[in-house]
Amino acid sequence: MDFAFSEEQEQLRGFARDFLAERYDDVRLAQIADSETGVDAEVWAKLAEMGWLDAELTFLDQAVLLEETGYRPLAAPYFSTAVLAAPALDDETAKQVGEGRLTATLAWAEPGVPQGLLDAAGATVSGGRLTGEKVLVPDGAAVDLFVVTTADGLYAVDASDAAVTPHGALDGTRRPASVRFDGAPARPLASGDTAAELLGRIRDRAYAAVALEAVGVAQRALDLLVAYAKDRKQFGKPIGVYQAVSHKASDVYVRLQEARSLAYWAAWCVAENDPMARQACLAAKAFAGEAAVFACENAIQGHGGIGFTWEHVLHRYYKRAQWLAAFDGPARAQRAEVAAFLMD
Amino acid sequence: MDFAFSEEQEQLRGFARDFLAERYDDVRLAQIADSETGVDAEVWAKLAEMGWLDAELTFLDQAVLLEETGYRPLAAPYFSTAVLAAPALDDETAKQVGEGRLTATLAWAEPGVPQGLLDAAGATVSGGRLTGEKVLVPDGAAVDLFVVTTADGLYAVDASDAAVTPHGALDGTRRPASVRFDGAPARPLASGDTAAELLGRIRDRAYAAVALEAVGVAQRALDLLVAYAKDRKQFGKPIGVYQAVSHKASDVYVRLQEARSLAYWAAWCVAENDPMARQACLAAKAFAGEAAVFACENAIQGHGGIGFTWEHVLHRYYKRAQWLAAFDGPARAQRAEVAAFLMD
Amino acid sequence: MDFRDTPEEAAFRAELRSWLQENASHREVEAGRGDFDALRAWGGRLYSAGYVGLTWPEGFGGRGLSPTYQAIYLEESARADAPGHPGVIGLNMAGPTIIAWGTDEQKQRYLKLLLSGEEIWCQGFSEPGSGSDLAAGRTSAVLDGDHWVVNGQKVWSSYAHKADWCILVVRTDPDAPKHAGLSYLIVDMHAPGVTVRPLHQITGDPEFNEIFFDDVRVPRDSMLGRPGDGWKVAMTTLLHERGTLGFALSAELERMVNHLVELVRRPGPDGRRPADDPLIRDAVAREWIEMQSLRFTNYRALTTLLETGIPGPEGSGVKLAWSEANQRLTSLAQSVFGLHAQVTGDDAPWNGFWQYWQLRSRGNTIEAGTSEILRNIIAERVLGLPKGR
Amino acid sequence: MDFRDTPEEAAFRAELRSWLQENASHREVEAGRGDFDALRAWGGRLYSAGYVGLTWPEGFGGRGLSPTYQAIYLEESARADAPGHPGVIGLNMAGPTIIAWGTDEQKQRYLKLLLSGEEIWCQGFSEPGSGSDLAAGRTSAVLDGDHWVVNGQKVWSSYAHKADWCILVVRTDPDAPKHAGLSYLIVDMHAPGVTVRPLHQITGDPEFNEIFFDDVRVPRDSMLGRPGDGWKVAMTTLLHERGTLGFALSAELERMVNHLVELVRRPGPDGRRPADDPLIRDAVAREWIEMQSLRFTNYRALTTLLETGIPGPEGSGVKLAWSEANQRLTSLAQSVFGLHAQVTGDDAPWNGFWQYWQLRSRGNTIEAGTSEILRNIIAERVLGLPKGR
C-alpha cells in the first residue's frame, strides 16, 4: 500500500499551486467572478501549454489539479471539460481539447423530471438531429461543445447549434445555463448499455472531482481561519487562544483530513477502475461536500463581521462549497445509495 | 398570558424538592437502584399522606411533582400509577390510589408487533377473562394492578391474577416486567371509541410527564456540571474557565430552558384539554428526552473519568434520561407525527 | 399558568390581525431588500394605527401597554408576513436608552419622531479594531467650547446610510481606564464630517455600513448621561437590544418555518414533493419544535419580567438557539433545490428568497453578540462560572 | 499511489485470515467482559503464530515488519471479530518505551514475556487530583539505599488488577519545577505495599482501577531514563499510545459498523426491519463513510511515517473522530430497540452487546486524552495556534 502521490504528481501540484496563486489572487478572483462572463478567457491556451488538458493525464494527475483548483478557483470550464465531458469524447475531439482549441460540458438535467446524472433523459434524436431542453448546464455559456444525454444515448452538439441562455449564479466562476436544442445536428458518442455505463463512469469521476475540489476549498478556508486566529486580537489576546475559536479550527482540520482521505480513495478507484469505485465516489462526494461547507462556515464565524462581507474572499469559497455540496443532489442522496449497498 | 405556576404550586415544588432531597440523597438513591426490587416500599404511604396521589390534583400540580421526581428520582411507581394508569381508573379504584392503598401501571406492548401506545393490542377478553402477553411493562413487578390494553378496550387486572416476570434494567428504579395473562379475571374500564380516545389522552399525558421528568433530570445534570466546573482544577485553574467546558454548560442551559418551555406548554395543554395538546406533547417528549440525554452526556464529559464511574451519581440520571428518550419510541418517531400535522 | 390570551389581549390580537390583513403588504419575498421609502411610509401607517411604541410610556407617544402586547404584535406581524418598522435601531436601542438616561428636552426632541419613523437612527458601537470588545473603542471626542469634536471610525452599523441620528460611543478621556473613559453621544448624521460607506455583505446587499467621523462637531448637551458614563449607558442599550429581541426572533422563525412548510409541500423542480422525503420531514418537524420552544421560552422570560421587573435568565439563550435554527432551516430549504439553488436573478427559485436568507443567516451568529460571546455571558452571568477567556 | 496490498502484504493477509478463521473464537458479544484467562491463552496462541510484535525488532522477539503489517493484522482481526491481545498496555505503551529508553538488561528481562502475554502490564500516570495534567502528579519516590520508596495513588489504570508490572510516573525531586521533578519507574505489581482497588464504570464493569502505593520498595535500576527524565519518557509512552492507536480504532469501528448493518437488517422486536427506515439508513451510511475515512486517514499517516520517519499529522484527529462516531453509532443501535434497550440480563436484546458498548462509548471521549485536550493539541501543534487554555 502506498497512499502518496508520485514525485511527478507532487511537482505538478506545486506548479499548479504557484500558477493559480499568481494568476488568481483574491482580488483578481473577485474581479473575474463579478465580471460579465465569470471566465478568464485567456487561460485556456495556457492550460493546454502546461499540459493540463492532455488526454494522457491519469485521473490521479487530474486529481492533483482538481484539488488545487479548489484551493484557488480556476475561472475556466476545466471541471466541465476535463471531468464531465472528456470521458465521452471521441479521439479527434479529445485531441482538440488537448490542444486547447475546444471546451465542453455535459448537459443532462431537464425541467420537470428528476435531475440526477443517472436519471432518464427526455431529449430525443431523430435523423441525426437532437431536440430537447436542458437546464443547470455547468459553464453552459462558456463552452464550445455540449455532450448531451438523451433517451437514445450520448450525443455531441456544437454550442453554435444550440440556444443558450446564461444565468447568474452565486458562484460567479461556475455559472449554469439553460440550453434548448431544436433539431440541432448531433454526433452520436455512445448508445445503449455503453452509454449507461459511460454515464456511470462520468458520474463516479464527477463525484471524485467534486470531492477533490471540496478538499481544496476546505483547506483554503482552514488556512484563512488559522491565519486570522493568529493575527486578530480581541480582549488583548490573539483570538486563537480561545477554545471557542481554536477548537473550531481543530474540528475543521479533522474533517478536512477525513475528506481528503476519501477523495484520494475515490480518485484512485476511478483511475484504476476499482470495483469499489461507486461506493468510494458516493462516500467522498457526500462527505467532502459537507466538509467544505462546514469549513467555510466555521471560517466565516471565526472571522466575525469581516468574514461576512463581500470584500472578503471567504464567501467566494463558501459559494463554491455550496455548489459542490449540491452537485447531483445533496449528501443525503449519496448516502441513500451507499445505504442500498450496505443494507439491501 | 401567564406562564408561571401558582403560588401553591411553587410551594408544592419546594416541599417536594426538600422531601426528595432528604429521602433520596445520591448515596441512598444508589442503594435503592442497586437493591433487589429498586423500590422504596415505605414511601408510598407517605406520598398519600402528602396528597401527591389525590385524584383532585390537576395535571399542572402533578407537573411540578414530575419535574421534581426527575430532579431527584423517586423510587416508587409514581409515574406508572399517576400518569399511565390513573386516567383509566374508576372512581373507587382512584380512591384507593389516593389513599395510598394501591399502585398500578399500564401494560400495552406485546412481543412481535409494533409496540407504540396507540398500536393495536392483541390481548383479548372473553367472558370477563383476559388472555395475552405484555412486555416492557413499567414498574410491572412493583404494582398491585394492571391497566391492560386489549383488542376490546381497556381492562383492569389484579397483579395477583397475572404471571409477572421481573427484568433487570439499566435504570434500577424503573424496571420493566413481562406479564402473562392466562384467562385472568378482568374488569372493563373503557371500550370502543372511548377506549381509543382515553388511550390517546394517556399517551399525551405520558409524553408530557416524560418531558417534565426529563427537564428535572437535565437540570440536575447541569447543576452537577456547573458545581464541578467551579470546583475542579486543571492546569491551575477551575475547569469552568475553559470555553471547552463553559460553552458546553451554556449549551446545556439553553436546551434545558427550551425543553422546560415545551414541557410546561404540554402540561398546560393536557390540563386544559387544549386542541394543541397532541402536537405539544409530541414536541415536548421528542425535545426534552433528547435534551436530558444531551445534558447528562455533557455532564459526564465535563466530569472526566470520575463522571464515568459507577460510584458517581451521574450515570443514574443518564440511564433515566435514556429511558425517557426511548419511551414509546425515539424522538424521530414523535417528530414523524409532528411532520404529519405540518405537511400532510 | 394560562397559555391563552386574556380577553383584552385577545381583543387586541383580533383587531391587529384584521388591521394587518387590510393594510399590510407582504414582505418583499425576493430578498428582504425592501424599498426603504415604502418601508418608511409603512412605519408611519403603523404609528398612526397605534402599533408603534406599544410598551412606551404614554407621555412619550407610546401606549403604556405591557410587553405582552408587543409580543402579540410581533407574532401577528410575522404571521401576516408584514414588513417590519424601519426604525428598529431607534425603537429597540436608542429610544429605551433615551427614556432611561435622557433629559426632558432630549425626550421631547427625539422620541416622537423616532416612533413615527420620520427620523431613523443608527448605532456606532463596533470599531474595526475592537469587534466584540466595546471597551477597546478608540473613536474620540474632545471638548472644544460648547461642542464635542469627534474623530474616528465605526463599523457594522445597520441603517447608517438612511439614518438621521446615531447613538455613538466615544472615548472622552484617553487617560482613564478602558471602560471609564467612554461617553455616549447623540450625533446628527447630516453634520459636516460624517461619511457613510456601505459594506456589502456576502448576499451582495449593503445592509451594514462604516461611518467615518472627521472633526464632527456635536453640541455639548447631545450626550446621554455624563462624561465617563458611556459604558453604563451602552449597557442599557445592549440590554434593550437583547431584551426585546426574543419575540422578534421567534416570530421571525415562525414565519420562516411557515415558508419552509409551504416550500416542502409544493412539488419541486422535478415534480416530487420534498415533504415526502422522511429526512426532510424529520428536519422540518425539528425546526417547528424548536420554534415553539423559543416562543414559549420568550413567554416564560416575559412572565418573570412582569412578576419581578427583571427579565428572566430563561431568555438568555433565545438568540443563540434562534441563530442556529435559522441557519439549519435555510440550508435545508436550499438543499431541496439541488444545483438550481445556486442560480441567481430572475431564474432563482422562489424569487431568490431562500438563497438570500440562507446566506444572510450566516450573519446571525455574528451580529448582535457573537455566539461565542453569548455563550460566555450565559456561563458567567447565568451559571456563575468563573470568568474565563 | 496504490490502495492495494503489495504481493507480500496480500500473502500475509491471506495467511492471517485463514489462521484466524481456524483459530480465533468470536469476541465475547455479551459485553466485552471476556474471561481473562482465556484471553491470556489467546495472546499466547497469537504470539506462537507470530502475530504479536510484528513491527518490533527481531532481536526483541518481533518480526521487524513495516507498520503496514500491523495495520493489516488489526483490520483482519476486527473483521474476524477475534479477541484482542490482553497485553495492550505492554504492547502499545510499556514495550515501545522500554525499546526507546531501556538498558539492554531491561530489554532482555521484559520484552519477550510481554509479547507472549505471560506478563501483563498496566500504567500509572493519572492521579485523582491531576487528571489530564500529568505534571501535577504527586506520587513520590524517595531513594533509600538501593531502592526507591514509592508512596501515592494512581487512578484510571486498566488491567492493573491483572498486571505483573506497572510503568509508573513518580516525583523524585519535589523541589524541581513541575516537569523536571518526574521520573519513570518499572514497578512489580506483586511487591508488598501495592494495593489495587477496582473502579466500576457506568457499565458496571471494573475495567479501570485505582492503585495505592504504600512504602513500596523498587530496585534503583528499575528506572527508564535517569532521575528527572520522567516527563520525556512519559511523552514517548503517550506518543506510542496515540501512534499505534489509529488502526486499532478504525478496525474497531469497522467491526461495529458491520454489527450495526447486521442489526438493522434483522427484523426488530416488532417485526419491522430498521433498515427500511430512511432516517436509520442515512445514519448507518454516514458511519460507514466515517469508518472508511478514518481507515484511509490512518493509511495516509502511515505513508507519511514510512516516507519521513515521522507520523503524519493527518492522523492526529482519528481518535477524536472515532470516539464521536462510536458514540453516535452505538446510540443509534440502542434507539432501534425502544424501551427494550433498557432491559438488562438474560432478556437484554443482542445479549447486552449494544447496551454495554453504548455506555462504554461515553468513556471514549475521556480516556487516552480527553477530546478537549486532543483539540488543544491539534490547534497548537498541528495548526500552530497560540497556546491558550
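Residues numbered from 1 in each chain as written. Chains lettered and ligands numbered in written order. Predicted model: local features only at pLDDT ≥ 70, side-chain atom pairs only at ≥ 80, totals over all residues. Heavy atoms only, no water.

A. Expanded view of the overall build of chain C. Scanning chain C from N- to C-terminus turns up 11 helices and eight strands. By the compact-globule yardstick of 21 Å for 389 residues, chain C fits well, its C-alpha radius of gyration being 22 Å. Taking the principal axes of the C-alpha coordinates as reference, chain C spans close to 70 × 50 × 50 Å. Of all 389 residues assigned to chain C, the portion counted as buried reaches 59%. Summarising the internal contacts of chain C: among those between residues at least 6 apart in sequence, 71% fall at separations of at least 24. On chain C, roughly 14,900 Å² of surface is accessible, and the fraction owed to carbon and sulfur atoms is 52%. (Helix = DSSP H or I, 4+ residues; strand = E, 2+ residues; numbered from the N terminus. Rg over C-alpha atoms; globule rule 2.2 N^0.38 Å. Buried < 20%, exposed > 50% of the residue type's maximum accessible area, 1.4 Å probe, protein only. Contact = heavy atoms within 4.5 Å. Areas by Shrake-Rupley, 256 points an atom, 1.4 Å probe, with all protein chains shown as cover.)

B. Seen up close, unusual backbone geometry. Residue and element names in this part refer to chain C. Unlike most non-glycine residues, W350 shows phi in positive territory, near 50°. Take W350: it is sitting in the loop between β8 (343–344) and α10 (353–361). According to the relative accessible area criterion, W350 is buried, its value standing at 16%.

C. Spatial organisation of the pairing of strand β1 (residues 104–107) of chain A. Residues and elements named next belong to chain A. Residue alternation in β1 divides its side chains into two sets, A104 and L106 and T105 and A107, and both sets are buried. Two strands pair when backbone bridges link them, and β1 and strand β4 (residues 145–150) are joined in this way by four bridges, in the parallel orientation. Each residue of the ladder has a partner; that of T105, found in β4, is F146. (Pairing = 2+ DSSP bridges.)

D. Fine view of the domain arrangement of chain A. All names here are of chain A. Assigned domains of chain A: these are domain 1 (7–98), domain 2 (104–191) and domain 3 (195–343). Spacing between the C-alpha centres of domain 2 and domain 3 amounts to 28 Å. Counting residues at the interface gives 16 residues for domain 2 and 15 residues for domain 3. Buried surface at the junction of domain 2 and domain 3, both sides included, amounts to about 1,300 Å², of which 67% is carbon and sulfur. The interface formed by domain 2 and domain 3 contains two salt bridges. (Domains from an automatic or database assignment. Buried area = accessible area lost by both parts, 1.4 Å probe. Salt bridge = Lys/Arg side-chain N within 4 Å of Asp/Glu carboxyl O.)

E. Region of interest: the sheet that holds strand β5 (residues 153–158) of chain A. Residue and element names in this part refer to chain A. As summarised here, the arrangement of the four strands in space is β1-β4-β5-β9, forming an open sheet in which the pairing is mixed. Each having just a single partner strand, β1 and β9 (187–190) make up the two edges of the open sheet. The mean angle between the axes of side-by-side strands here comes to 30°, regardless of whether they run parallel or antiparallel. Seen against the sheet, helix α5 (residues 78–85) touches β1 and β4 and runs at an angle of roughly 65° to β1. (Axes fitted to C-alpha atoms, helices over the stretch in contact; angles between N-to-C directions.)

F. Structural context of the sheet that holds strand β3 (residues 129–138) of chain A. Residues and elements named next belong to chain A. Pairing within the open sheet is antiparallel, and its four strands lie in the order β2-β3-β8-β6. Both outer strands of the open sheet, β2 (124–126) and β6 (163–166), are each paired with one neighbouring strand and no more. Adjacent strand axes in the sheet meet at a mean angle of 15°, parallel and antiparallel pairs treated alike.

G. Looking closely at the packing of aromatic side chains. Residues and elements named next belong to chain A. Counting across every chain of the model gives 64 aromatic pairs over all chains. Centre to centre, the rings of W323 and F327 are 5.5 Å apart; their planes meet at 40°, and the pair counts as tilted. Since its relative accessible area comes to 5%, W323 is described here as buried. For F327, a relative accessible area of 0% puts it in the buried group. Here R220 stacks its cationic end above the ring of Y71, 5.9 Å away from the centre of that ring. (Phe/Tyr/Trp six-rings, centres within 6.5 Å; stacked < 30°, edge-to-face > 60°. Lys NZ or Arg CZ within 6 Å of the ring centre and 35° of its normal.)

H. Structural context of the interface of chain B and chain D. On the side of chain D, 48 residues touch chain B, which itself brings 39 residues to the contact. When the buried area of chain B at its contact with chain D is split by residue, B:F235, B:F308 and B:R332 rank highest and sum to 23% of it. At the boundary of chain B with chain D, the tally comes to 15 residue pairs in polar contact (both at pLDDT 80 or more). For the side of chain B that touches chain D, the secondary-structure elements that each account for two or more residues are β7 (168–169), β10 (233–234), α8 (243–272), α9 (277–303) and α10 (314–326) of chain B. Here the residues of the side of chain B that touches chain D are counted per class, giving 19 nonpolar, 12 polar and eight charged. (Polar contact = N/O pair within 3.5 Å; in protein donor to acceptor, adjacent residues only side chain to side chain. Nonpolar A, V, L, I, M, F, W, Y, C, P; charged D, E, K, R; others polar.)

I. A look at the interface of chain D and chain A. At the junction of the two partners, chain D supplies 50 residues and chain A supplies 45 residues. In this assembly, chain D packs against chain A so that about 4,300 Å² is buried in total across both faces, 66% of it on carbon and sulfur atoms. On the surface where chain D and chain A come into contact, there are six salt bridges. Between A:R335 and D:D282 there is a salt bridge, with its nearest N and O atoms 2.8 Å apart. The interface formed by chain D and chain A contains 20 residue pairs in polar contact (both at pLDDT 80 or more).

J. Region of interest: the domain arrangement of chain C. Residues and elements named next belong to chain C. Per the domain assignment, the segments of chain C are domain 1 (7–86), domain 2 (121–228) and domain 3 (245–382). Placing a centre on the C-alpha atoms of domain 1 and another on those of domain 2 gives a separation of 30 Å. Every contact between the two is made by five residues of domain 1 and, on the other side, five residues of domain 2. Carbon and sulfur atoms supply 47% of the area buried between domain 1 and domain 2, which totals about 410 Å² over both sides. Seen at the junction of domain 1 and domain 2, the total is zero salt bridges. Connecting domain 1 to domain 2 are zero residue pairs in polar contact (both at pLDDT 80 or more). Split into classes, the residues belonging to the side of domain 1 that touches domain 2 amount to three nonpolar, no polar and two charged.

K. Examining helix α7 (residues 245–265) of chain C more closely. Given a rise of 1.5 Å per residue, 21 residues ought to cover 30 Å, and the 30 Å separating the end C-alpha atoms of α7(C) matches this to within 8%. Taking burial as the measure, the 21 residues of α7(C) include 17 buried ones, the bulk of the element. (Expected span 1.5 Å × (residues − 1).)

L. Examining the pattern of salt bridges more closely. Residue and element names in this part refer to chain D. This structure, assessed with the given rule, holds 114 salt bridges over all chains. R360 serves as the salt-bridge partner of E207, at 2.7 Å between the closest nitrogen and oxygen. One end of the pair, E207, is in the loop between β6 (194–199) and β7 (208–219); the other, R360, is in helix α10 (residues 353–361), with 153 residues separating them in the sequence. On the basis of relative accessibility, which here comes to 26%, the residue E207 falls in the partly exposed class. Using a relative accessible area of 5% as the deciding quantity, one classes R360 as buried.

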